[in-house]
Amino acid sequence: MFMILALANFTCRVDSQLAKNIFLLGGQSNMFGLGGVVKNSWDGVIPPECKPNPAILKLDAKLQWVEAKEPLHNDIDTNVTSGIGPGMPYANAILKNDSRLGVLGLVPCAVSGSKITNWQNGTFLYNQLVRRAKAAVRGGGVIRAMLWYQGESDTVRKTDADAYRGRIQKFVTDLRNDLGISKLLIIQVALASGGKHYTGIVREAQLKLGLPNIITVDAQWLPLQKDNLHLTTPSQVRLGGMLAAAFLRTLEIN
């Protein structure tokens, strides 16, 4: 069940001096972050790589910039207990390796259990992603990339797995069009796990997406929790570092 944010009063207090470099976080539970969550309870352990930093902000559910801290998605989908995800270790790794980017703004949008059909143009999650992205740049910031980790829910039925490539291609194309960023960088994660037997089909679609300006980081060998579905806290920290390395390489190219 998805949390419906109070978007009617669409007022965003964004300081023009804050969050010049903005990153969208989309997808389902492994981007949402369930590291350290067991039986609907988070252990509260925050690794050093996930510690708060005054130079890392997040756009909260009220569309206000606040200092980011774990659990990063705790006010986005309140129906699920959130824990450690890749967002904070990603941001900390970027600042550790290249402080020239200044203040970073994270825009959490992931929702646990969501299928790619839940992110198609016109759905609640798609509209919420676009609205939050547009709110984030009202103070003059620039969206540098979207981190995307989704697909586990599309491995359960073969029809969904077979349709995944076309559906995510449409999602990316529509999002770029609606944000007016034709070359928006997408750093996606190839699945580490899946619900049933069709994980391989979804992974193949992710690895051969066939769209420009998409970088794929493979999470296949990262250790999972006992549910064999969600990344452990150390895995989330490592994934955040992998995503950061992928983004930093684009700066070297440009």
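Remember, it's a predicted structure, so these values are computed and weren't measured experimentally. (Residues numbered from 1 in each chain as written. Predicted model: local features only at pLDDT ≥ 70, side-chain atom pairs only at ≥ 80, totals over all residues. Heavy atoms only, no water.)

1. What to know about the environment of lysine 170
Here is the rule: A helix here means a DSSP run of H or I that spans at least four residues, while a strand means a run of E at least two residues long, and both kinds are numbered starting from the N terminus. Three exposure classes are used, based on accessible area relative to the maximum for each residue type with a 1.4 Å probe and protein chains only: buried under 20%, partly exposed in between, and exposed over 50%. Throughout, a contact is declared for two residues whenever any of their heavy atoms are within 4.5 Å. Each polar contact in these results corresponds to two N or O atoms within 3.5 Å; when the atoms are within protein, one needs to be able to donate a hydrogen and the other to accept it, and residues that are neighboring in sequence are counted only if both atoms are side-chain atoms.
Among the secondary structure elements, lysine 170 is positioned in helix H4 (residues 158-179). Here lysine 170 falls in the partly exposed class, since its relative accessible area comes to 42%. Lysine 170 sits 51 residues away from tryptophan 119 along the chain, and the two C-alpha atoms are 9.9 Å apart. Not counting the four nearest positions on each side in its chain, lysine 170 is found in contact with Gln120 and Asn121. A polar contact is formed between the side chain of lysine 170 and the side chain of aspartate 174, at a distance of 2.6 Å.

2. Topic: the nonpolar core
Our working rule: Here, the term nonpolar core denotes a set of buried Ala, Val, Leu, Ile, Met, Phe, Trp, Tyr and Cys residues that are joined through side-chain atoms within 4.5 Å.
Within the largest apolar cluster, 75 residues are counted, with the highest numbers of intra-cluster contacts made by Ile94, Trp148, Tyr149, Phe171, Leu175, Ile187 and Phe247. When sequence neighbours within four positions are dropped, the list of residues in contact with isoleucine 94 reads Phe23, Ser99, Leu101, Leu104, Ala244, Phe247 and Leu248.

3. Topic: the pairing of strand S4 (residues 56-59)
In regular strands, side chains alternate between the two faces of the sheet. Inclusion rule: Two strands qualify as a pair provided DSSP detects at least 2 bridges between them.
Here S4 shows a buried face lined by Ile56 and Lys58 and a second buried face lined by Leu57 and Leu59. By the bridge criterion, 3 bridges tie S4 to strand S6 (residues 104-108) in an arrangement that is parallel. Note that in S6 the partner of lysine 58 across the bridge is leucine 106. The pairing of S4 with strand S5 (residues 65-67) spans 3 bridges and is classified as antiparallel. Directly across from leucine 57, in S5, lies its bridge partner glutamate 67.

4. Quick notes on the packing of aromatic side chains
Let me state the cut-off plainly: In summary, the pairing rule links any two rings of Phe, Tyr or Trp, Trp by its six-membered ring, whose centres are within 6.5 Å, and it sorts them by plane angle into stacked for under 30 degrees, edge-to-face for over 60 and tilted for everything else.
Within this structure, the stated rule accounts for 6 aromatic pairs. Residues tryptophan 148 and phenylalanine 171 carry aromatic rings whose centres are separated by 4.6 Å and whose planes lie at 35 degrees to one another, so their mutual orientation is tilted. On the criterion of sequence distance, the pair formed by tryptophan 148 in strand S7 (residues 142-149) and phenylalanine 171 in helix H4 is long-range, its members being 23 residues apart. Of the residues examined, phenylalanine 171 reaches a relative accessible area of 1% and is grouped as buried. A connected cluster of aromatic rings, assembled from ring pairs, spans Trp119, Tyr126, Trp148 and Phe171.

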